[in-house]
Amino acid sequence: MEITGAAVQSPPPQAVVMQMVMGAWVTKVISEATRMGVPDVVQKHGPMRASEMVDIGGVSAAPDALERLLRACASVGVFTEDATGRFGPTPLSEVLTSNSPGSVKKLVEAIGGPWYRAWTELLEAVRTGKPQVRKVFGMEWWDYLNANPKELEDFAEAMKANSQNSLRGVLEHCEFTGVGRVADIGGGYGHLAVALLEKYPDLRATVMDVPELIPVAQERFPVSDPAVAGRLEYVGGDMFESVPPADAYIMKHIIHDWDDARNIRLLENCRQSMLGDGRMICVDAVLPPMGNADGTPAKLLDILMLVFIPGKERTRDQWAHLYRSAGFEIRSITPIHDNFGTSIVEGVKRH
């Protein structure tokens, strides 16, 4: 039998491990190129040399150093690179631009910026079982955001970027016909509430978040349609003290921020203020059970929670414990395809 080619060999284990650990470097080069606005520049002007990006595109960088950074980005497909030294757009750079419908620009900047800094204390977080943000930023994460308005705005923008797919999942999988009022707790700028109001003309919505964010939300995400604006209200407050009354509650990427005790208190507040039997909808990751080693992004997100805040991602059984403890029962868990493997956990009051 004629041999037409050599067998394809898998890379040795050390090569695989080195590729994995250098992923941290990949994160940083993509994040900083995005922060400097390179994806927007090449989207606008087309392929350019690094020197042209500086002179024409207004990128603040040393041209030689920028070229080296962009070669690293091009090696993983973020930009094209030709023999003349021009770097151009790709589908990957498109989602790193400001105006892309699927933009993850602000999320990528956060992952390679303040979030990246906190990961340097992962070892101490694992040793102690406690968040290490105070060691990095001088205060706890939420206190740091509230003390730094620009950081709070950037965080809200990052959460907006992360929320687009999960927002679509709620619109596709959750039915609100006949619901009088929905409350989005920790709702940020109000994108989900507005999308629901646009889809359901008889629905009313309340967006609750920290008081410092409410004026920012109203300024950064003004609602121009009076038919929608007239059915929308913003409420600033402490969700662990009380929540506004509603027929249905949504918390998107909120529960994973907190420990069980606070989450149970929050869910109990929703139950106490809930009008009628109501519905409790949480949009967050649901980890596979122990023994399932699938490579889900939620397992890495769980480590981010470990480093940052006293929260975590949870399995189905752990979600059921939270709901039962607060007087709810889970009716359905619906996976959606977003950046972190999120699901919709929907429940109703237990009687």
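Not measured: the values here are computed from a predicted model.

Draft legend 1. Structural detail: the environment of Thr27. Note on placement: Thr27 falls in helix α2 (residues 23–35). Taking relative accessible area as the criterion, Thr27 reaches 27% and is therefore assigned partly exposed. Along the primary structure Thr27 and Asn148 are separated by 121 residues, whereas in three dimensions their C-alpha atoms are 24 Å apart. Leaving out residues up to four positions away in the same chain, Thr27 has contacts with Ile111, Gly112 and Tyr116.

Draft legend 2. Layout of the pairing of strand β6 (residues 246–252). Counted residue by residue, β6 has 6 buried out of 7 residues, so it is predominantly covered. Taken together, the 3 bridges between strand β3 (residues 181–185) and β6 define a ladder with parallel strand orientation. Within β6, the position partnered with Asp184 by the bridge is Ile250. With 6 bridges joining them, β6 and strand β7 (residues 274–287) adopt parallel strand pairing. Paired with Ala246 across the two strands is Met274, which belongs to β7.

Draft legend 3. Layout of the side chain of Glu313. Within the secondary structure layout, Glu313 lies in the loop between α17 (297–308) and β8 (314–315). Although Glu313 is buried, it forms no salt bridge, and the closest oppositely charged side chain is Arg314 at an N-O distance of 6.6 Å. Among the polar contacts made by the side chain of Glu313, one reaches the side chain of His256 at a distance of 2.7 Å. In contact with Glu313, other than residues within four places in its own chain, are His256, Asp284, Ala285, Leu287, Ala298, Leu301, Asp302, Met305 and Gln318.

Draft legend 4. Geometry of the packing of α2 against helix α5 (residues 63–75). Here α2 crosses α5 at 120 degrees, and the two axes come no closer than 9 Å. Relative to α5, the element α2 is oriented oblique. In the crossing of α2 with α5, the sense of the turn from one axis to the other is left-handed. Contacts from Val29, Ile30 and Ala33 in α2 reach Leu69, Leu70, Ala72 and Cys73 in α5. Broken down by class, the residue content of the contact of α2 with α5 amounts to 7 nonpolar, no polar and no charged.

Draft legend 5. Examining empty space enclosed by the protein more closely. In this structure the tally under the stated criterion is 1 cavity of 30 Å³ or more. Each pocket or cavity is described by its volume, and for the largest cavity that value is around 220 Å³. Looking at the largest cavity, it is lined by 16 residues, and the ones nearest its centre are Trp115, Met159, His256, Leu304 and Met305. Listed by contribution, the elements that provide at least two residues to the lining of the largest cavity are α11 (141–147), α12 (149–173) and α17. Take the lining of the largest cavity: its biggest share by element is 4 residues, from α17.

Basis of the calculations
- Residues numbered from 1 in each chain as written.
- Predicted model: local features only at pLDDT ≥ 70, side-chain atom pairs only at ≥ 80, totals over all residues.
- Heavy atoms only, no water.
- Helix = DSSP H or I, 4+ residues; strand = E, 2+ residues; numbered from the N terminus.
- Buried < 20%, exposed > 50% of the residue type's maximum accessible area, 1.4 Å probe, protein only.
- Contact = heavy atoms within 4.5 Å.
- Pairing = 2+ DSSP bridges.
- Lys, Arg positive; Asp, Glu negative; His and termini not counted.
- Salt bridge = Lys/Arg side-chain N within 4 Å of Asp/Glu carboxyl O.
- Polar contact = N/O pair within 3.5 Å; in protein donor to acceptor, adjacent residues only side chain to side chain.
- Axes fitted to C-alpha atoms, helices over the stretch in contact; angles between N-to-C directions.
- Parallel < 35°, antiparallel > 145°, perpendicular 65-115°, else oblique.
- Left-handed = near helix turned anticlockwise from the far one by under 90°.
- Nonpolar A, V, L, I, M, F, W, Y, C, P; charged D, E, K, R; others polar.
- 1 Å grid on protein atoms, 1.4 Å probe; cavity = no way out; pocket = protein on both sides within 12 Å on 5 of 7 lines; lining within 4 Å.
- Points joined across faces, edges and corners; volume = space filled by probe spheres on them.

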